[in-house]
Every structure is written in structure tokens, then in C-alpha cells.
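Residues per chain, in single letters:
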Amino acid sequence: EAAVTQSPRNKVAVTGGKVTLSCNQTNNHNNMYWYRQDTGHGLRLIHYSYGAGSTEKGDIPDGYKASRPSQENFSLILELATPSQTSVYFCASGDRRANSDYTFGSGTRLLVI
Amino acid sequence: GQQVQQSPASLVLQEGENAELQCNFSSTATQLQWFYQSPGGSLVSLLSNPSGTKHTGRLTSTTVTKERRSSLHISSSQTTDSGTYLCAIDPPSGSWQLIFGSGTQLTVMP
């Protein structure tokens, strides 16, 4: 079954450390997205990609980088993690060309101490 | 920028009652999708309904595009329907990026 898989499910990081969140999709969707979800802010778009090799800034890209080395994989990188980046992160895939719905991963809970 | 407003923010029902959730958006949308999120869980797509009326199971969504509003009707609610319902739109400007509302938190009491 087509799916979006995120890893790790939970992560504790130290302030100033590097964190990489991984996402893999088997939907063969062109587009992939990283959102964060915080109480009071809802879901906010960080970075997205139209395909392998492309990354685009979303609404709140500061402090985050993204990497799309292949159709299936999309990573979110926090080079210097800060406590304000404590959140739940969701990866999603979708494809306007295929008129397909968004599919979300199970989320990664990140705590930066 | 584009905004998505959902109401009510929270709703408490007795099992068996019907729920009516609203979504209003500030400009035209080429795609509108309703999601369900269980407490501490991920987002599950319920319906895509950019216009007209769609049914699936106990869910009915009606979107009136020119009035920039959509509703989600849940009939005969069950305790397992408890969770957050999110409305998201994809505005027509270029890239496909869903913009989410803040959600309606539904609690169904036994």
C-alpha cells in the first residue's frame, strides 16, 4: 500500500546540535512537503519539493534546510537546533498532475533541550 | 494572504447526534480537502471536495465555491469520531500547497 513513512518517530536533541528528519514515500508523487504543527498555530509549511533535486521555501523556512535526493526521499535538516523548533513535524506527498489527495506520514515529535 | 477559518473551534455531542463543521476561505481554491486527526495522531484524508456535494459513509461535504465556504456533516456520530477535523485549500496560484485552518475539535460522549 502506498504510504509516507517518517523517521524517527521521536527525537530528543541538544540545543546547537544537528537534526535530520527523514521521509520516504511510495506514492510516486512528484511533490513532497514538510509541515510543523504547534498548538495555537496549526499546520505550517516549512519546505516543499517538486521532484528530485528541487527544494522550495514554504512559509516558515528560517532555521531549516531540505534535501530531495530522489523521488522517494525528502529530508528536513536543522543545522543548529533551537528549543523553539520543538514541535511535531509532518511529511506529506501529493501530485496535482495525478489529481491525488495529500498523504501524510505519522509525524516526528522533536524535543530540543 | 490566503486564510482558512473553521468553526466552531470545538464541539461536544452525545453519541448519535449529527455534527456540522464549517470552513470559510478568503479566496478561490482549486482544491479543498477535509482531514481527520486523532489525538496525538497523523492526518487522514476524509474527502476532497472543491465544489458541489460529496458523500462517503456517514460524511457529507458541500462546497459552494463562489461563496468560499465548505461544510462537513457527520451523521449519527460515534465516540470514535472524536478528534480534530481540519479543512485545507489549495489556492490557484501556481504550486500545490495546502493551507490549513486551525481545525474543529470534536468530542463525542457515550
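Residues numbered from 1 in each chain as written. Chains lettered and ligands numbered in written order. Predicted model: local features only at pLDDT ≥ 70, side-chain atom pairs only at ≥ 80, totals over all residues. Heavy atoms only, no water.

Draft legend 1. Spotlight on the overall build of chain A. Helix and strand counts for chain A stand at 0 helices and 11 strands. Along chain A, helices (α) and strands (β) appear in the sequence β-β-β-β-β-β-β-β-β-β-β when read from the amino end. Relative to the compact-globule value of 13 Å for 113 residues, chain A shows a C-alpha radius of gyration of 13 Å, a close match. A burial count over chain A gives 51% of its 113 residues as buried. Of the contacts formed within chain A by residues at least 6 apart in sequence, a portion of 55% connects residues at least 24 apart. Element-wise, carbon and sulfur atoms account for 49% of the exposed surface of chain A, whose accessible area totals about 5400 Å². Both charge centroids of chain A, one from 11 positive and one from 9 negative side chains, sit 6 Å from each other. (Helix = DSSP H or I, 4+ residues; strand = E, 2+ residues; numbered from the N terminus. Rg over C-alpha atoms; globule rule 2.2 N^0.38 Å. Buried < 20%, exposed > 50% of the residue type's maximum accessible area, 1.4 Å probe, protein only. Contact = heavy atoms within 4.5 Å. Areas by Shrake-Rupley, 256 points an atom, 1.4 Å probe, with all protein chains shown as cover. Lys, Arg positive; Asp, Glu negative; His and termini not counted. Charge placed at Lys NZ, Arg CZ, Asp CG, Glu CD.)

Draft legend 2. Just the interface of chain B and chain A, in detail. Across the boundary between the two partners, chain B contributes 20 residues, which contact 20 residues of chain A. Here chain B packs against chain A, burying approximately 1600 Å² in sum over the two surfaces, 50% of which is carbon and sulfur. Taken together, the links from chain B to chain A amount to 0 salt bridges. At the boundary of chain B and chain A, one finds 5 residue pairs in polar contact (both at pLDDT 80 or more). (Buried area = accessible area lost by both parts, 1.4 Å probe. Salt bridge = Lys/Arg side-chain N within 4 Å of Asp/Glu carboxyl O. Polar contact = N/O pair within 3.5 Å; in protein donor to acceptor, adjacent residues only side chain to side chain.)

Draft legend 3. Local environment of the state of the cysteines. Residue and element names in this part refer to chain A. What the rule picks out here adds up to 2 disulfides over all chains. Disulfide pairing places cysteine 23 opposite cysteine 91 at an S-S distance of 1.9 Å. In this structure, the disulfide formed by cysteine 23 and cysteine 91 twists by about -80° around the S-S bond and is classed as left-handed. Separated by 68 residues along the polypeptide, cysteine 23 in strand E3 (residues 19-25) and cysteine 91 in strand E9 (residues 87-95) bring together distant segments of the chain. (Disulfide = S-S within 2.5 Å.)

Draft legend 4. Fine view of the pairing of strand E8 (residues 69-74) of chain B. Residues and elements named next belong to chain B. Where strand E3 (residues 19-25) lies against E8, 6 bridges are found, and the strand directions are antiparallel. Bridge pairing links leucine 21 to leucine 72 in E8. Where strand E7 (residues 59-64) lies against E8, 6 bridges are found, and the strand directions are antiparallel. Bridging across to E8, threonine 62 finds its partner in serine 71. Counted between consecutive antiparallel strands, the loop separating E7 from E8 contains 4 residues, among which arginine 68 sits at a positive phi close to 55°. (Pairing = 2+ DSSP bridges.)

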